[in-house]
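Geometric and topological summary
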Amino acid sequence: MDPYLNDWLNLALRWLHVIAGIAWIGASFYFVHLDLSLRPPKRREDAERGVAGEYWSVHGGGFYHVEKFGVAPTALPHPLHWFKWEAYTTWLSGFALFVVLYYVNAETYLIDRSVADVRPTVAVAASVGLLALAWVVYDVLCRLLGRNELLLAAAIVLSTVAAAYGSSRLFTDRAVYIQVGAMLGTMMAGNVLFNIIPAHRELVAAKKAGREPDPVPGVQAKQRSVHNNYLTLPVVFTMISTHFPFTYGHEHGWVVLLALMAIGAWVRHFFNLRHAGRTVWAIPATAAAAAAAVALWIEPDGGGAEARAVDDAPVAFADVQRIVERRCAACHSADPTLVAAPPQGITFDTTDEIATQADAIEAQAVRTNAMPPGNATGMTEEERETLAAWFRQGADLRK
């Protein structure tokens, strides 16, 4: 693919994905907040016409009064606003971005040959298959365990653990986070497409036909909507995770992923309880403590760095340059061979470029092993230690 075209596809799809995601998340958060904040109607006539709850708010210089009916109003209102394309556009743009960034460059960004030596076509097929499997497993669990929320939640958590571990046995560390996030996002979009919107259609069809709507589909749709609400922050984390290699580059990156996603869902629970009138400060406190524990756990071992710098034999820059040319330049050069264009425009073609990027090289190739992606160029542990010793020499001795 032409590098310039690839960059524009990346930009356009990422921008669309973010815009649609904001719209979907905003609507989801608002309606869950609205539903949890409803209070019984104060007027008898409102209750008699089917109003189950009302909500007063002030925003944008005016007052708003919202009513929710137990099942449906007496007459079908017009216009009736639907919320679905935000979800569909978010998933479609995200999948397209997945294709452009990971499937097209599967050899570099998707496959980790140190754990699974598979062909790119097999890896892509496995990725797509896991997206479909995520929805099927989740939907079956909801149908079987939907009446027991705690048991259902435990089953969803266990299936997510299995997805994270299984992905770590096939894909690159970076791709694992995106793959698991896409699987959760597929579950969310599937809820909208196969459950929430059909329930809405049934309500509308019943009113048009002059019959009393069945409340069961609406109750089931509400359950799926709440699931989406709790999955949102974990999925958002995976969307931004590629910027933080110290998380996915850890030896047990898939466990780090699960821990941070759990923290996100726990924080979402705090806000949901608060919307319902309960403020449980223990939740953000424990979430902060958990995040601190994760940070301490995955902190790179920097102890004794100065002492080791004294003991290290001097590393010639020529040795470092050979490692960079052999293991890094396939992506980070003016004419890369593994990708269409150097990621983030970073190149290692000159002495100054390598020395300037010493911090990034140490962080990505030594502390986290995040680069090369999936170790596509076969960097050895000895080479990583050579880079580490070179970095410890200090800026004045690196050229």
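These notes cover the structure that comes with them.

Reading the values: rules and limits
- Residues numbered from 1 in each chain as written.
- Predicted model: local features only at pLDDT ≥ 70, side-chain atom pairs only at ≥ 80, totals over all residues.
- Heavy atoms only, no water.
- Pairing = 2+ DSSP bridges.
- Helix = DSSP H or I, 4+ residues; strand = E, 2+ residues; numbered from the N terminus.
- Expected span 1.5 Å × (residues − 1).
- Buried < 20%, exposed > 50% of the residue type's maximum accessible area, 1.4 Å probe, protein only.
- Axes fitted to C-alpha atoms, helices over the stretch in contact; angles between N-to-C directions.
- Parallel < 35°, antiparallel > 145°, perpendicular 65-115°, else oblique.
- Left-handed = near helix turned anticlockwise from the far one by under 90°.
- Contact = heavy atoms within 4.5 Å.
- Phe/Tyr/Trp six-rings, centres within 6.5 Å; stacked < 30°, edge-to-face > 60°.
- Lys NZ or Arg CZ within 6 Å of the ring centre and 35° of its normal.
- Polar contact = N/O pair within 3.5 Å; in protein donor to acceptor, adjacent residues only side chain to side chain.
- Patch = residues over 30% accessible without salt bridge, like charges linked within 9 Å, V, L, I, M, F, W, Y side chains within 5 Å.
- Areas by Shrake-Rupley, 256 points an atom, 1.4 Å probe, with all protein chains shown as cover.
- Salt bridge = Lys/Arg side-chain N within 4 Å of Asp/Glu carboxyl O.

Glancing now at the pairing of strand β2 (residues 62–69). Residues in a regular strand point their side chains to alternate faces of the sheet. Bridge count between strand β1 (residues 51–59) and β2: eight bridges; the pairing is antiparallel. Looking at β2, one finds that H59 is bridged to G62. The turn joining β1 and β2, which pair antiparallel and follow one another in sequence, is formed by two residues; a positive phi near 60° is taken by G60.

With twelve residues, helix α16 (residues 381–392) should cover 16 Å at 1.5 Å per step; its first-to-last C-alpha distance of 16 Å lies within 8% of that length. Considered for burial, the residues of α16 that qualify are E383, R384, L387, A388, A389, W390, F391 and R392. Phi turns positive one or two residues past the end of α16, at G394, with a value near 100°.

Attention now moves to the packing of helix α3 (residues 85–103) against helix α7 (residues 173–209). Each packed pair of helices is defined by two parameters, the angle between the axes and the distance between the axes. Two elements in contact, α3 and α7, have axes whose closest approach is 10 Å; the angle formed by their N-to-C orientations is 155°. The angle between α3 and α7 falls in the class roughly antiparallel. Pair α3 / α7 crosses with left-handed handedness. Contact residues: α3 offers A87, Y88, W91, F98 and Y102, while α7 offers R174, A175, I178, Q179, A182, G185, T186, A189, V192, L193 and I197.

The next subject is the packing of aromatic side chains. Summed over all chains, the structure comprises 17 aromatic pairs. Taken together, a centroid distance of 5.0 Å and an interplanar angle of 70° make the contact between F31 and F83 edge-to-face. One end of the pair, F31, is in helix α1 (residues 3–37); the other, F83, is in the loop between β2 and α3, with 52 residues separating them in the sequence. The exposure class assigned to F31 is partly exposed, which follows from its relative accessible area of 37%. Following the ring pairs from residue to residue traces out a cluster consisting of W91, F95, F98, Y102, Y103 and Y109. A cation over a ring is seen here: K84 above W82, with NZ or CZ 5.6 Å from the ring centre. One residue, R268, lies across the ring of F29, its end atom 4.0 Å from the ring centre.

Moving on, we get to the side chain of T186. With respect to the helices and strands, the residue T186 is situated in helix α7. Look at T186 and you get buried, because its relative accessible area is 11%. Looking at T186, its side chain comes within polar contact range of the main-chain oxygen of A182, at 2.7 Å. Excluding residues that lie within four positions of it along the chain, T186 makes contacts with W91, L131 and W135.

This part covers a nonpolar patch on the surface. On the surface, Y4, W8, L11, W15 and I19 cluster together into a nonpolar patch covering about 620 Å² of accessible area. Assessed through its relative accessible area of 46%, W8 is described here as partly exposed.

The bulk of non-glycine residues show a negative phi, and the bulk of peptide bonds are trans. The peptide bond linking H78 to P79 adopts the cis configuration, its omega dihedral lying at 0°. Its place among the elements puts P79 in the loop between β2 and α3. Put simply, M371 and P372 share a cis peptide bond, and its omega is -10°. Relative to the helices and strands, P372 is located in the loop between α15 (358–367) and α16.

Our focus in this paragraph is the pattern of salt bridges. Evaluated as defined, the whole model comprises 17 salt bridges. With its nearest N and O atoms 2.9 Å apart, the salt bridge here joins K222 to D35. One end of the pair, K222, is in helix α8 (residues 215–240); the other, D35, is in helix α1, with 187 residues separating them in the sequence. Owing to a relative accessible area of 31%, K222 belongs among the partly exposed residues under this scheme. For the salt bridge of R224 with D139, the shortest nitrogen-to-oxygen distance reads 2.9 Å. Here R224 is found in helix α8, whereas its partner D139 is found in helix α5 (residues 120–145), with 85 residues between them in sequence. There is no split in this pair, since R224 and D139 are both buried. Each of the salt bridges in this network shares a partner with another, and the network as a whole consists of R43, E45, D46, R49 and E67.

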